[in-house]
Amino acid sequence: MFQEFSLIPWLSVADNIFLGREPRNRFGMIRRSLMRSEAHDLFDRLGIRIDPEISVHRLSVADQQFVEIAKALSLKARVLVLDEPTAPLTPTEVERLFVIMRRLRKDGVATVFISHHLEEIFEICDRITVLRDGGYVASFPVSETDHDALVEMMVGRKVENIFPPREPRDLNAPILLEAEIGMKNTTHTDSITLAKGEILGFAGLVGSGRSEMAMALIGAYPTRVSHIRLDGKEMKFSSPADALAAGIGLLPEDRKRQGLILPFSCSDNITINHLKQFCRNGPFISRRREADQVSGVMDRVQVKAPSAETPVRSLSGGNQQKVVIARWLERGCRILIFDEPTRGIDVGAKSEIYLLMKRLAAQGIAIIMVSSELPEVTGVCDRVMVFSHGRIVAELVDDDIDSEIIMRHAVTEPQRDDAKRRQPAMEEAQ
(Lines give C-alpha, C1' and ligand atoms only; values in the text may rest on other atoms or scores of the structure.)
Protein backbone atom coordinates (compact mmCIF):
# COMPACT_ATOMS: atom_id res chain seq x y z
CA MET A 1 0.00 0.00 0.00
CA PHE A 2 1.62 3.19 -1.22
CA GLN A 3 1.66 6.34 0.91
CA GLU A 4 -0.47 7.94 -1.83
CA PHE A 5 -3.58 5.93 -2.74
CA SER A 6 -3.49 3.89 -5.95
CA LEU A 7 -7.26 3.77 -6.38
CA ILE A 8 -9.37 5.07 -9.27
CA PRO A 9 -11.91 7.39 -7.60
CA TRP A 10 -14.73 7.07 -10.12
CA LEU A 11 -14.79 3.27 -10.24
CA SER A 12 -16.65 1.15 -7.71
CA VAL A 13 -14.98 -0.54 -4.75
CA ALA A 14 -15.25 -3.97 -6.41
CA ASP A 15 -13.84 -2.64 -9.69
CA ASN A 16 -10.84 -1.22 -7.84
CA ILE A 17 -10.18 -4.45 -5.96
CA PHE A 18 -10.19 -6.64 -9.09
CA LEU A 19 -8.91 -4.10 -11.61
CA GLY A 20 -7.05 -5.85 -14.44
CA ARG A 21 -7.97 -9.36 -13.25
CA GLU A 22 -11.76 -9.35 -13.30
CA PRO A 23 -13.33 -12.85 -13.21
CA ARG A 24 -14.96 -13.69 -16.54
CA ASN A 25 -17.27 -16.39 -17.86
CA ARG A 26 -16.55 -18.53 -20.91
CA PHE A 27 -17.92 -15.80 -23.17
CA GLY A 28 -15.49 -13.19 -21.81
CA MET A 29 -18.15 -11.30 -19.83
CA ILE A 30 -17.20 -9.92 -16.41
CA ARG A 31 -18.84 -11.83 -13.55
CA ARG A 32 -19.88 -8.83 -11.45
CA SER A 33 -21.92 -10.89 -8.99
CA LEU A 34 -18.81 -12.94 -8.20
CA MET A 35 -16.78 -9.74 -7.75
CA ARG A 36 -19.36 -8.41 -5.29
CA SER A 37 -19.47 -11.71 -3.42
CA GLU A 38 -15.67 -11.97 -3.11
CA ALA A 39 -15.43 -8.31 -2.06
CA HIS A 40 -18.01 -8.98 0.68
CA ASP A 41 -15.96 -11.98 1.83
CA LEU A 42 -12.80 -9.83 2.01
CA PHE A 43 -14.53 -7.15 4.07
CA ASP A 44 -16.03 -9.80 6.37
CA ARG A 45 -12.49 -11.11 6.93
CA LEU A 46 -11.40 -7.59 7.85
CA GLY A 47 -14.43 -7.08 10.07
CA ILE A 48 -15.67 -3.96 8.25
CA ARG A 49 -18.73 -3.02 6.21
CA ILE A 50 -18.24 -1.33 2.85
CA ASP A 51 -20.66 -1.52 -0.09
CA PRO A 52 -18.72 -3.03 -3.05
CA GLU A 53 -20.94 -1.09 -5.46
CA ILE A 54 -20.21 2.39 -4.10
CA SER A 55 -17.78 4.69 -5.96
CA VAL A 56 -14.45 5.01 -4.17
CA HIS A 57 -14.57 8.83 -4.19
CA ARG A 58 -17.62 8.68 -1.90
CA LEU A 59 -15.70 6.80 0.81
CA SER A 60 -13.89 8.33 3.76
CA VAL A 61 -10.10 8.33 3.72
CA ALA A 62 -10.08 5.49 6.27
CA ASP A 63 -12.42 3.32 4.18
CA GLN A 64 -10.24 3.95 1.12
CA GLN A 65 -7.32 2.59 3.17
CA PHE A 66 -9.34 -0.54 3.93
CA VAL A 67 -10.17 -0.97 0.23
CA GLU A 68 -6.41 -0.90 -0.46
CA ILE A 69 -5.91 -3.64 2.16
CA ALA A 70 -8.75 -5.71 0.68
CA LYS A 71 -7.15 -5.36 -2.75
CA ALA A 72 -3.86 -6.71 -1.38
CA LEU A 73 -5.60 -9.61 0.37
CA SER A 74 -7.46 -10.50 -2.83
CA LEU A 75 -4.03 -11.25 -4.29
CA LYS A 76 -3.50 -13.80 -1.49
CA ALA A 77 -0.78 -11.53 -0.07
CA ARG A 78 1.27 -13.12 2.74
CA VAL A 79 3.30 -9.93 3.32
CA LEU A 80 1.62 -6.53 3.53
CA VAL A 81 3.74 -3.36 3.30
CA LEU A 82 1.96 -0.28 4.68
CA ASP A 83 3.71 3.01 3.89
CA GLU A 84 2.57 5.75 6.30
CA PRO A 85 -1.00 4.38 6.42
CA THR A 86 -2.04 6.46 9.44
CA ALA A 87 -0.93 9.87 8.12
CA PRO A 88 -4.41 11.00 6.95
CA LEU A 89 -6.42 9.19 9.65
CA THR A 90 -8.08 10.38 12.84
CA PRO A 91 -7.18 8.62 16.14
CA THR A 92 -10.41 6.60 15.97
CA GLU A 93 -9.67 5.51 12.40
CA VAL A 94 -6.11 4.60 13.38
CA GLU A 95 -7.46 2.29 16.07
CA ARG A 96 -9.74 0.64 13.49
CA LEU A 97 -6.72 0.05 11.28
CA PHE A 98 -4.78 -1.46 14.19
CA VAL A 99 -7.66 -3.84 14.94
CA ILE A 100 -7.48 -5.05 11.34
CA MET A 101 -3.69 -5.39 11.48
CA ARG A 102 -3.95 -7.51 14.63
CA ARG A 103 -6.60 -9.68 12.96
CA LEU A 104 -4.33 -10.17 9.93
CA ARG A 105 -1.43 -11.10 12.24
CA LYS A 106 -3.57 -13.89 13.72
CA ASP A 107 -4.29 -15.07 10.16
CA GLY A 108 -0.55 -15.38 9.49
CA VAL A 109 -0.12 -12.25 7.35
CA ALA A 110 3.22 -10.51 8.00
CA THR A 111 3.13 -6.70 7.95
CA VAL A 112 5.85 -4.13 7.34
CA PHE A 113 4.57 -0.94 8.96
CA ILE A 114 6.38 2.25 7.90
CA SER A 115 5.66 5.23 10.15
CA HIS A 116 7.15 8.38 11.64
CA HIS A 117 4.72 8.20 14.57
CA LEU A 118 6.80 6.50 17.23
CA GLU A 119 3.91 5.92 19.65
CA GLU A 120 2.21 3.84 16.92
CA ILE A 121 5.36 1.76 16.45
CA PHE A 122 5.39 0.86 20.14
CA GLU A 123 1.66 0.10 20.14
CA ILE A 124 1.33 -2.19 17.13
CA CYS A 125 4.75 -3.60 16.20
CA ASP A 126 6.66 -6.67 17.43
CA ARG A 127 10.06 -5.68 16.07
CA ILE A 128 11.68 -2.47 14.85
CA THR A 129 14.19 -1.83 12.07
CA VAL A 130 15.74 1.63 11.91
CA LEU A 131 16.88 3.14 8.59
CA ARG A 132 18.79 6.42 8.29
CA ASP A 133 20.03 8.20 5.17
CA GLY A 134 19.17 5.20 3.01
CA GLY A 135 21.12 2.74 5.16
CA TYR A 136 20.40 0.05 7.74
CA VAL A 137 21.07 1.03 11.38
CA ALA A 138 19.71 -1.71 13.64
CA SER A 139 16.90 -4.20 14.37
CA PHE A 140 15.56 -5.23 17.77
CA PRO A 141 12.35 -6.29 19.55
CA VAL A 142 10.09 -3.46 20.67
CA SER A 143 10.50 -4.54 24.29
CA GLU A 144 14.26 -3.87 24.15
CA THR A 145 14.15 -0.13 23.42
CA ASP A 146 12.37 3.06 24.40
CA HIS A 147 11.31 6.30 22.74
CA ASP A 148 14.51 8.25 23.43
CA ALA A 149 16.85 5.49 22.24
CA LEU A 150 14.81 5.05 19.05
CA VAL A 151 14.91 8.79 18.30
CA GLU A 152 18.68 8.82 18.81
CA MET A 153 19.14 5.98 16.30
CA MET A 154 16.84 7.65 13.77
CA VAL A 155 18.53 11.06 13.99
CA GLY A 156 22.10 9.86 14.52
CA ARG A 157 22.59 11.97 17.64
CA LYS A 158 21.05 12.36 21.04
CA VAL A 159 17.98 14.60 20.97
CA GLU A 160 17.23 16.06 24.38
CA ASN A 161 14.14 17.89 23.15
CA ILE A 162 12.88 18.12 19.59
CA PHE A 163 11.16 21.41 20.43
CA PRO A 164 13.18 24.64 20.73
CA PRO A 165 13.19 26.33 24.15
CA ARG A 166 10.01 28.33 24.73
CA GLU A 167 10.58 32.08 24.85
CA PRO A 168 8.34 34.39 26.92
CA ARG A 169 5.51 35.92 24.88
CA ASP A 170 6.05 39.50 23.81
CA LEU A 171 2.89 41.12 25.11
CA ASN A 172 3.83 44.42 23.46
CA ALA A 173 4.31 43.04 19.95
CA PRO A 174 2.28 45.05 17.41
CA ILE A 175 -0.85 43.40 16.02
CA LEU A 176 -0.22 42.48 12.40
CA LEU A 177 -3.50 40.77 11.44
CA GLU A 178 -7.06 41.22 12.69
CA ALA A 179 -9.86 39.16 11.18
CA GLU A 180 -13.55 38.55 11.72
CA ILE A 181 -14.68 35.50 9.79
CA GLY A 182 -18.15 33.98 9.49
CA MET A 183 -18.38 30.84 7.39
CA LYS A 184 -21.23 30.25 4.97
CA ASN A 185 -24.15 28.25 6.38
CA THR A 186 -23.29 29.44 9.91
CA THR A 187 -24.65 32.20 12.13
CA HIS A 188 -21.60 32.89 14.30
CA THR A 189 -18.53 35.00 13.60
CA ASP A 190 -15.03 34.22 14.93
CA SER A 191 -12.39 36.85 15.70
CA ILE A 192 -8.67 36.25 15.22
CA THR A 193 -5.66 38.41 15.97
CA LEU A 194 -2.04 37.69 15.08
CA ALA A 195 0.92 39.65 16.43
CA LYS A 196 4.25 40.26 14.75
CA GLY A 197 6.66 37.37 15.49
CA GLU A 198 3.93 35.21 17.05
CA ILE A 199 3.27 31.51 16.42
CA LEU A 200 -0.50 31.00 16.70
CA GLY A 201 -1.81 27.42 16.77
CA PHE A 202 -5.12 26.19 15.33
CA ALA A 203 -5.95 22.98 17.23
CA GLY A 204 -8.89 20.61 17.22
CA LEU A 205 -10.10 17.32 15.83
CA VAL A 206 -10.10 16.55 12.11
CA GLY A 207 -13.15 18.26 10.61
CA SER A 208 -13.39 20.84 13.39
CA GLY A 209 -12.96 23.76 10.97
CA ARG A 210 -9.25 24.54 11.51
CA SER A 211 -8.13 24.24 7.89
CA GLU A 212 -11.31 25.90 6.62
CA MET A 213 -10.56 28.94 8.77
CA ALA A 214 -6.99 29.10 7.45
CA MET A 215 -8.30 28.89 3.87
CA ALA A 216 -10.91 31.56 4.58
CA LEU A 217 -8.18 33.94 5.78
CA ILE A 218 -6.59 33.86 2.30
CA GLY A 219 -9.82 33.96 0.30
CA ALA A 220 -9.79 30.28 -0.64
CA TYR A 221 -12.93 29.25 1.27
CA PRO A 222 -16.44 30.74 0.97
CA THR A 223 -17.49 33.02 3.82
CA ARG A 224 -20.60 34.89 4.92
CA VAL A 225 -18.55 37.57 6.71
CA SER A 226 -14.91 38.43 6.08
CA HIS A 227 -13.31 41.53 7.56
CA ILE A 228 -9.52 41.45 7.47
CA ARG A 229 -7.10 44.19 8.52
CA LEU A 230 -3.35 44.15 7.99
CA ASP A 231 -1.48 46.78 9.99
CA GLY A 232 -4.88 48.36 10.64
CA LYS A 233 -5.68 48.65 6.93
CA GLU A 234 -8.87 47.01 5.66
CA MET A 235 -8.15 44.30 3.07
CA LYS A 236 -10.36 42.31 0.71
CA PHE A 237 -9.13 38.86 -0.38
CA SER A 238 -11.13 37.39 -3.25
CA SER A 239 -8.51 34.72 -3.91
CA PRO A 240 -5.18 33.41 -2.55
CA ALA A 241 -3.45 35.63 -5.12
CA ASP A 242 -4.82 38.70 -3.30
CA ALA A 243 -3.54 37.36 0.03
CA LEU A 244 -0.14 36.61 -1.49
CA ALA A 245 0.11 40.13 -2.87
CA ALA A 246 -0.55 41.39 0.68
CA GLY A 247 2.24 39.19 2.08
CA ILE A 248 0.44 36.05 3.29
CA GLY A 249 1.87 32.70 2.16
CA LEU A 250 0.40 29.20 2.61
CA LEU A 251 2.20 25.91 3.14
CA PRO A 252 -0.64 23.53 2.24
CA GLU A 253 -1.38 20.24 3.96
CA ASP A 254 -0.70 18.29 0.74
CA ARG A 255 2.62 19.82 -0.30
CA LYS A 256 3.15 17.40 -3.20
CA ARG A 257 -0.12 18.25 -4.95
CA GLN A 258 -0.83 21.79 -3.83
CA GLY A 259 2.55 23.25 -2.85
CA LEU A 260 5.13 21.99 -5.34
CA ILE A 261 5.68 21.12 -8.98
CA LEU A 262 7.56 17.89 -8.39
CA PRO A 263 9.42 17.52 -11.73
CA PHE A 264 10.71 21.13 -11.47
CA SER A 265 13.98 22.01 -9.78
CA CYS A 266 14.28 23.57 -6.32
CA SER A 267 15.18 26.85 -8.01
CA ASP A 268 12.12 26.84 -10.29
CA ASN A 269 9.80 26.00 -7.38
CA ILE A 270 11.22 28.83 -5.27
CA THR A 271 11.06 31.56 -7.92
CA ILE A 272 7.97 30.59 -9.92
CA ASN A 273 5.70 33.13 -8.19
CA HIS A 274 7.96 36.13 -8.69
CA LEU A 275 10.00 35.71 -11.88
CA LYS A 276 9.54 39.37 -12.85
CA GLN A 277 12.15 40.50 -10.36
CA PHE A 278 14.79 38.53 -12.27
CA CYS A 279 13.97 40.14 -15.62
CA ARG A 280 16.31 42.93 -16.74
CA ASN A 281 15.82 43.30 -20.47
CA GLY A 282 12.19 42.75 -21.35
CA PRO A 283 10.87 39.24 -20.73
CA PHE A 284 14.31 37.59 -20.44
CA ILE A 285 15.24 36.11 -17.06
CA SER A 286 18.71 36.66 -15.65
CA ARG A 287 19.59 33.14 -14.55
CA ARG A 288 22.71 34.31 -12.74
CA ARG A 289 20.72 36.77 -10.62
CA GLU A 290 18.07 34.11 -9.97
CA ALA A 291 20.73 31.55 -8.94
CA ASP A 292 22.36 34.00 -6.50
CA GLN A 293 19.10 34.76 -4.71
CA VAL A 294 17.96 31.13 -4.66
CA SER A 295 21.28 30.06 -3.16
CA GLY A 296 20.90 32.63 -0.39
CA VAL A 297 17.34 31.70 0.58
CA MET A 298 18.11 27.94 0.44
CA ASP A 299 20.97 28.53 2.87
CA ARG A 300 18.66 30.61 5.07
CA VAL A 301 16.17 27.76 5.51
CA GLN A 302 18.86 25.05 5.27
CA VAL A 303 17.50 23.06 2.32
CA LYS A 304 19.62 19.92 1.94
CA ALA A 305 19.95 19.24 -1.79
CA PRO A 306 22.87 18.46 -4.15
CA SER A 307 22.17 21.75 -5.94
CA ALA A 308 19.45 24.29 -6.64
CA GLU A 309 18.80 22.46 -9.94
CA THR A 310 17.91 19.18 -8.20
CA PRO A 311 14.32 18.09 -9.00
CA VAL A 312 12.25 18.70 -5.88
CA ARG A 313 10.63 15.25 -6.11
CA SER A 314 13.98 13.68 -5.18
CA LEU A 315 14.13 15.51 -1.82
CA SER A 316 12.92 14.23 1.53
CA GLY A 317 9.58 15.44 2.88
CA GLY A 318 11.25 17.84 5.29
CA ASN A 319 13.37 19.44 2.57
CA GLN A 320 10.37 19.69 0.25
CA GLN A 321 8.62 21.62 3.01
CA LYS A 322 11.62 23.94 3.32
CA VAL A 323 11.49 24.64 -0.44
CA VAL A 324 7.90 25.91 -0.04
CA ILE A 325 9.00 28.07 2.90
CA ALA A 326 11.90 29.41 0.82
CA ARG A 327 9.48 30.44 -1.94
CA TRP A 328 7.41 32.59 0.40
CA LEU A 329 10.46 34.12 2.08
CA GLU A 330 11.84 35.04 -1.32
CA ARG A 331 8.46 36.61 -2.06
CA GLY A 332 8.76 38.68 1.14
CA CYS A 333 5.76 37.23 3.01
CA ARG A 334 5.19 38.61 6.52
CA ILE A 335 2.61 35.98 7.50
CA LEU A 336 3.00 32.24 6.88
CA ILE A 337 0.23 29.67 7.34
CA PHE A 338 1.58 26.17 8.02
CA ASP A 339 -1.12 23.50 7.50
CA GLU A 340 0.10 20.21 9.07
CA PRO A 341 3.76 21.23 8.58
CA THR A 342 5.35 17.97 9.80
CA ARG A 343 3.01 15.39 8.26
CA GLY A 344 5.00 12.57 6.69
CA ILE A 345 8.47 13.68 7.80
CA ASP A 346 10.83 12.03 10.27
CA VAL A 347 11.58 13.15 13.80
CA GLY A 348 14.91 14.76 12.88
CA ALA A 349 13.33 16.83 10.10
CA LYS A 350 10.49 17.78 12.45
CA SER A 351 13.01 19.24 14.89
CA GLU A 352 14.55 21.27 12.05
CA ILE A 353 11.12 22.60 10.96
CA TYR A 354 10.28 23.65 14.53
CA LEU A 355 13.63 25.41 14.91
CA LEU A 356 13.14 27.16 11.56
CA MET A 357 9.68 28.36 12.64
CA LYS A 358 11.17 29.80 15.82
CA ARG A 359 13.91 31.57 13.84
CA LEU A 360 11.38 33.05 11.43
CA ALA A 361 9.25 34.26 14.35
CA ALA A 362 12.33 35.85 15.92
CA GLN A 363 12.78 37.78 12.62
CA GLY A 364 9.26 39.21 12.99
CA ILE A 365 7.39 36.84 10.68
CA ALA A 366 3.99 35.84 12.09
CA ILE A 367 2.99 32.18 11.77
CA ILE A 368 -0.33 30.34 11.97
CA MET A 369 0.18 26.61 12.49
CA VAL A 370 -2.71 24.21 11.83
CA SER A 371 -1.88 20.85 13.39
CA SER A 372 -3.39 17.58 14.55
CA GLU A 373 -0.24 16.82 16.57
CA LEU A 374 -0.91 17.99 20.12
CA PRO A 375 2.75 17.69 21.22
CA GLU A 376 3.86 20.14 18.52
CA VAL A 377 0.99 22.51 19.29
CA THR A 378 1.97 22.61 22.96
CA GLY A 379 5.71 22.61 22.21
CA VAL A 380 5.87 25.33 19.55
CA CYS A 381 2.92 27.75 19.83
CA ASP A 382 2.80 31.01 21.78
CA ARG A 383 -1.01 31.01 21.73
CA VAL A 384 -3.59 28.40 20.69
CA MET A 385 -7.13 28.69 19.35
CA VAL A 386 -9.15 25.49 19.77
CA PHE A 387 -11.79 24.62 17.17
CA SER A 388 -14.87 22.44 17.59
CA HIS A 389 -17.86 21.97 15.29
CA GLY A 390 -16.68 24.67 12.89
CA ARG A 391 -15.94 27.45 15.36
CA ILE A 392 -13.38 28.70 17.87
CA VAL A 393 -14.33 27.50 21.36
CA ALA A 394 -11.27 28.50 23.40
CA GLU A 395 -8.19 30.70 23.29
CA LEU A 396 -5.26 29.40 25.38
CA VAL A 397 -2.04 31.08 26.46
CA ASP A 398 0.96 30.30 28.67
CA ASP A 399 0.30 27.46 31.16
CA ASP A 400 -3.13 26.79 29.66
CA ILE A 401 -1.47 25.42 26.50
CA ASP A 402 -1.77 21.82 27.66
CA SER A 403 -2.77 18.69 25.71
CA GLU A 404 -5.48 17.69 28.17
CA ILE A 405 -7.04 21.16 28.24
CA ILE A 406 -6.95 21.39 24.43
CA MET A 407 -8.66 18.01 24.03
CA ARG A 408 -11.31 18.86 26.62
CA HIS A 409 -12.28 21.92 24.59
CA ALA A 410 -11.98 20.11 21.25
CA VAL A 411 -14.54 17.44 22.17
CA THR A 412 -16.99 19.83 23.87
CA GLU A 413 -20.06 21.24 22.14
CA PRO A 414 -19.60 25.00 21.53
CA GLN A 415 -21.40 27.36 23.91
CA ARG A 416 -24.00 29.60 22.37
CA ASP A 417 -22.82 32.67 24.23
CA ASP A 418 -19.75 34.01 22.45
CA ALA A 419 -18.82 36.02 25.53
CA LYS A 420 -18.35 32.81 27.49
CA ARG A 421 -16.43 30.74 24.99
CA ARG A 422 -13.08 32.38 25.65
CA GLN A 423 -12.99 32.08 29.40
CA PRO A 424 -9.53 31.13 30.58
CA ALA A 425 -9.24 27.38 30.41
CA MET A 426 -7.90 27.01 33.93
CA GLU A 427 -10.96 28.77 35.35
CA GLU A 428 -13.17 26.27 33.58
CA ALA A 429 -11.03 23.40 34.84
CA GLN A 430 -11.45 24.63 38.40
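You'll find the structure just up there.
Criteria and cut-off values
- Residues numbered from 1 in each chain as written.
- Predicted model: local features only at pLDDT ≥ 70, side-chain atom pairs only at ≥ 80, totals over all residues.
- Heavy atoms only, no water.
- Helix = DSSP H or I, 4+ residues; strand = E, 2+ residues; numbered from the N terminus.
- Expected span 1.5 Å × (residues − 1).
- Buried < 20%, exposed > 50% of the residue type's maximum accessible area, 1.4 Å probe, protein only.
- Arc of directions from axis to C-beta.
- Contact = heavy atoms within 4.5 Å.
- Salt bridge = Lys/Arg side-chain N within 4 Å of Asp/Glu carboxyl O.
- 1 Å grid on protein atoms, 1.4 Å probe; cavity = no way out; pocket = protein on both sides within 12 Å on 5 of 7 lines; lining within 4 Å.
- Points joined across faces, edges and corners; volume = space filled by probe spheres on them.
- Nonpolar A, V, L, I, M, F, W, Y, C, P; charged D, E, K, R; others polar.
- Patch = residues over 30% accessible without salt bridge, like charges linked within 9 Å, V, L, I, M, F, W, Y side chains within 5 Å.
- Areas by Shrake-Rupley, 256 points an atom, 1.4 Å probe, with all protein chains shown as cover.
- Pairing = 2+ DSSP bridges.
- Axes fitted to C-alpha atoms, helices over the stretch in contact; angles between N-to-C directions.
- Core = buried A, V, L, I, M, F, W, Y, C linked by side-chain atoms within 4.5 Å.

Novice: Can you lay out helix α4 (residues 91-106) for me, pointing to particular residues and giving the numbers?
Specialist: In this model α4 runs 23 Å from its N-terminal to its C-terminal C-alpha over 16 residues, within 8% of the 22 Å that 1.5 Å per residue would give. Within α4, the full set of buried residues consists of E93, V94, L97, F98, I100, M101 and L104. Looking down the long axis of α4, one finds its buried residues gathered within 160° of arc, a one-sided arrangement. Residues P91, T92 and K106 are exposed on α4 and point more than 90 degrees away from its buried face. Among the structural elements, α2 (32-46), α3 (61-74), β1 (79-83), β2 (110-114) and α5 (118-124) are those in contact with the buried residues of α4. Within two residues after α4, G108 carries a phi angle of roughly 90°, on the positive side.

Novice: Describe the environment of R166, naming the residues involved and giving the relevant values.
Specialist: Mapped onto the secondary structure, R166 falls in the loop between α6 (147-155) and β5 (175-183). Measuring from C-alpha to C-alpha, the distance between R166 and G204 comes to 22 Å, with 38 residues separating the pair along the chain. Every residue in contact with R166, bar those within four places of it in the chain, is listed here: T378, G379, V380, C381, D382 and I401.

Novice: Tell me about the pattern of salt bridges, and name the residues and values.
Specialist: When charged atoms on two side chains of opposite charge get close, those side chains can pair. Under the definition given, this model contains 18 salt bridges. As a salt-bridge pair, E290 and R287 come within 2.6 Å of each other at their nearest N and O atoms. In this pair, E290 and R287 both sit in helix α11 (residues 287-301), three residues apart, roughly one turn of the helix. Salt bridges sharing common partners tie together E95, R102 and E123.

Novice: Tell me about the layout of surface pockets, and please be specific about residues and values.
Specialist: Of the pockets and cavities examined, the second largest pocket occupies roughly 1,100 Å³. Taken together, 43 residues form the lining of the second largest pocket, with H117, E119, S372, E373 and P375 sitting closest to its centre. Where the lining of the second largest pocket is concerned, the elements lending two or more residues are α4, α5, α6, α13 (347-362), α14 (374-380) and α15 (403-410). In terms of residue count, the dominant contributor to the lining of the second largest pocket is α4 (five residues). Tallied by class, the residues present in the lining of the second largest pocket amount to 20 nonpolar, eleven polar and twelve charged.

Novice: Tell me about the environment of V112, residues and numbers included.
Specialist: Positionally, V112 belongs in strand β2. For the pair V112 and I128, spaced 16 residues apart in sequence, the C-alpha separation works out to 9.7 Å.

Novice: Requested: an account of a nonpolar patch on the surface, with residues and values cited.
Specialist: Among the surface-exposed residues, V79, V81, V112 and I114 lie close enough to one another that they form a single nonpolar patch of about 300 Å² accessible area. Contributions of two or more residues to the nonpolar patch are made by β1 and β2. Mapped onto the secondary structure, I114 falls in strand β2. What makes I114 partly exposed here is its relative accessible area of 37%.

Novice: Explain the sheet that holds strand β8 (residues 223-230) to me, and be specific about the residues and the numbers.
Specialist: Working definition: the strands of a sheet are paired by backbone hydrogen bonds and lie parallel or antiparallel to each other. Strand order in the open sheet formed by four strands is β6-β5-β8-β9, with antiparallel pairing between adjacent strands. The open sheet has two edge strands with one neighbour each: β6 (190-195) and β9 (233-235). Taken over all neighbouring pairs, the strand axes of this sheet differ in orientation by 20° on average, direction set aside. One ladder, built from seven bridges, connects β5 with β8; its direction is antiparallel. If you follow I181 over to β8, its bridge partner there is S226. Where helix α7 (residues 210-217) meets the sheet, its contacts fall on β5, β6 and β8, and the angle it forms with β5 comes to roughly 115°.

Novice: Explain the nonpolar core to me, and be specific about the residues and the numbers.
Specialist: Ranked by internal contacts, the top residues of the largest apolar core, which has 48 residues, are L336 and V384. A per-element tally of this core places α13 first, with seven residues. L336 has contacts with G249, W328, L329, L360, I365, A366, I367 and I368, leaving out every residue within four places of it along the chain. Listed in part, the 47 residues of the second largest apolar core include L82, C125, F140 and V142.

Novice: Give me the lowdown on empty space enclosed by the protein, citing residues and values where you can.
Specialist: Unfilled space is identified by rolling a water-sized probe across the atoms. Counted under the stated rule, the structure contains one cavity of 30 Å³ or more. In this model, the largest cavity occupies a volume close to 30 Å³. The wall of the largest cavity is formed by L177, L217, I228, I248, I335, I337 and I368. Partitioning the lining of the largest cavity into residue classes produces seven nonpolar, no polar and no charged.

Novice: Lay out unusual backbone geometry with the relevant residues and their values.
Specialist: The backbone of D231 sits at a positive phi, close to 55°, despite the residue not being glycine. Its place among the elements puts D231 in the loop between β8 and β9.

Novice: Break down the sheet that holds strand β16 (residues 391-397) for me, with residues and values.
Specialist: An order of β10-β13-β14-β7-β15-β16 is seen for the six strands of this open sheet, with the pairing classed as mixed. Two strands in the sheet have a free side with no partner beyond their single neighbour: β10 (248-251) and β16. Recorded for the sheet is a direction-independent mean angle of 20° between the axes of neighbouring strands. Here strand β15 (residues 383-388) pairs with β16 via six bridges, running antiparallel. Bridge assignment links V384 to a residue of β16, and that residue is L396. Across the sheet, α15 lies against β7 (199-204), β15 and β16, angled at about 30° from β15, the strand it touches most.

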